[in-house]
Amino acid sequence: MRVLSPALALVLLAAPALAQDFTEDQKAMFIDAIAANDCSMTEDEAEELMPAAGITREVSGAIAVYLIDRNLAVLSDDMKLLTLSDEICQ
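Residues numbered from 1 in each chain as written. Predicted model: local features only at pLDDT ≥ 70, side-chain atom pairs only at ≥ 80, totals over all residues. Heavy atoms only, no water.

## Things to note about the overall build of the protein
- Check the secondary structure of the protein and you find 5 helices and 3 strands.
- Helices (α) and strands (β) of the protein occur, in sequence order from the N terminus, as α-α-α-β-α-α-β-β.
- Relative to its full complement of 90 residues, the protein shows a buried share of 39%.
- The contacts of the protein with a sequence gap of at least 6 include a subset with a gap of at least 24, amounting to 62%. (Helix = DSSP H or I, 4+ residues; strand = E, 2+ residues; numbered from the N terminus. Buried < 20%, exposed > 50% of the residue type's maximum accessible area, 1.4 Å probe, protein only. Contact = heavy atoms within 4.5 Å.)

The structure is reproduced here in structure tokens:
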């Protein structure tokens, strides 16, 4: 059984409420930041890089859930690495 980090568990549980809590510009900046990091990003990297792009933890979580739900990103088995799909990152 996998254990979720408390922060990720809260984001996933709140996904329906957060689903539209970001702009298209924020989504594009989020994707661009991950793409510039070889199409993958750990939670630690995100905590450093996303605020610099003006994206809060809550917005970051909402965008991650949005991408995962649409098969545009996957979360590693240990739930610490988000990787964009080849469809949006090459």
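So that's the structure; there's more coming.
## A few points about helix 3 (residues 24-35)
- Spanning 12 residues, helix 3 covers 16 Å between terminal C-alpha atoms, matching the ideal 16 Å at 1.5 Å per step.
- The set of residues buried in helix 3 consists of Gln26, Lys27, Phe30, Ile31, Ala33 and Ile34. One side of helix 3 holds all its buried residues, which, seen down the axis, span an arc of 160 degrees. For helix 3, exposure combined with an orientation more than 90 degrees from the buried face picks out Glu24, Asp25 and Asp32.
- At its buried positions, helix 3 is contacted by strand 1 (40-42), helix 4 (43-52), helix 5 (57-69) and strand 3 (81-84). (Expected span 1.5 Å × (residues − 1). Arc of directions from axis to C-beta.)

## Concerning the sheet that holds strand 3
- Read from one edge of the open sheet, 3 strands run 1-3-2, paired in antiparallel fashion. A single partner strand is all that each edge strand has here, and the edge strands are strand 1 and strand 2 (73-75). Strand-to-strand twist in this sheet, taken as the mean axis angle between neighbours without regard to direction, amounts to 20 degrees.
- Pairing of strand 2 with strand 3, which is carried by 3 bridges, proceeds in the antiparallel orientation. Its bridge partner being in strand 3, Leu75 is matched across the sheet by Leu82. (Pairing = 2+ DSSP bridges. Axes fitted to C-alpha atoms, helices over the stretch in contact; angles between N-to-C directions.)

## Topic: helix 5
- Here helix 5 contains 13 residues, and its C-alpha end-to-end distance of 18 Å stays within 8% of the 18 Å for a straight helix at 1.5 Å per residue.
- Those residues of helix 5 lying buried are Val59, Ser60, Gly61, Ala62, Ile63, Ala64, Val65, Tyr66 and Leu67.
- At the exit of helix 5 stands Asn71, carrying a positive phi of roughly 60 degrees.

## A closer look at the state of the cysteines
- In the structure shown here, the tally under the stated rule is 1 disulfide.
- There is a disulfide in this structure between Cys39 and Cys89, and the S-S distance comes to 1.7 Å. Across the disulfide from Cys39 to Cys89, rotation about the S-S bond amounts to roughly -75 degrees, and the bridge is consequently left-handed. One end of the pair, Cys39, is in the loop between helix 3 and strand 1; the other, Cys89, is in the segment after strand 3, with 50 residues separating them in the sequence. With respect to class, Cys39 is no different from Cys89; both count as buried. (Disulfide = S-S within 2.5 Å.)

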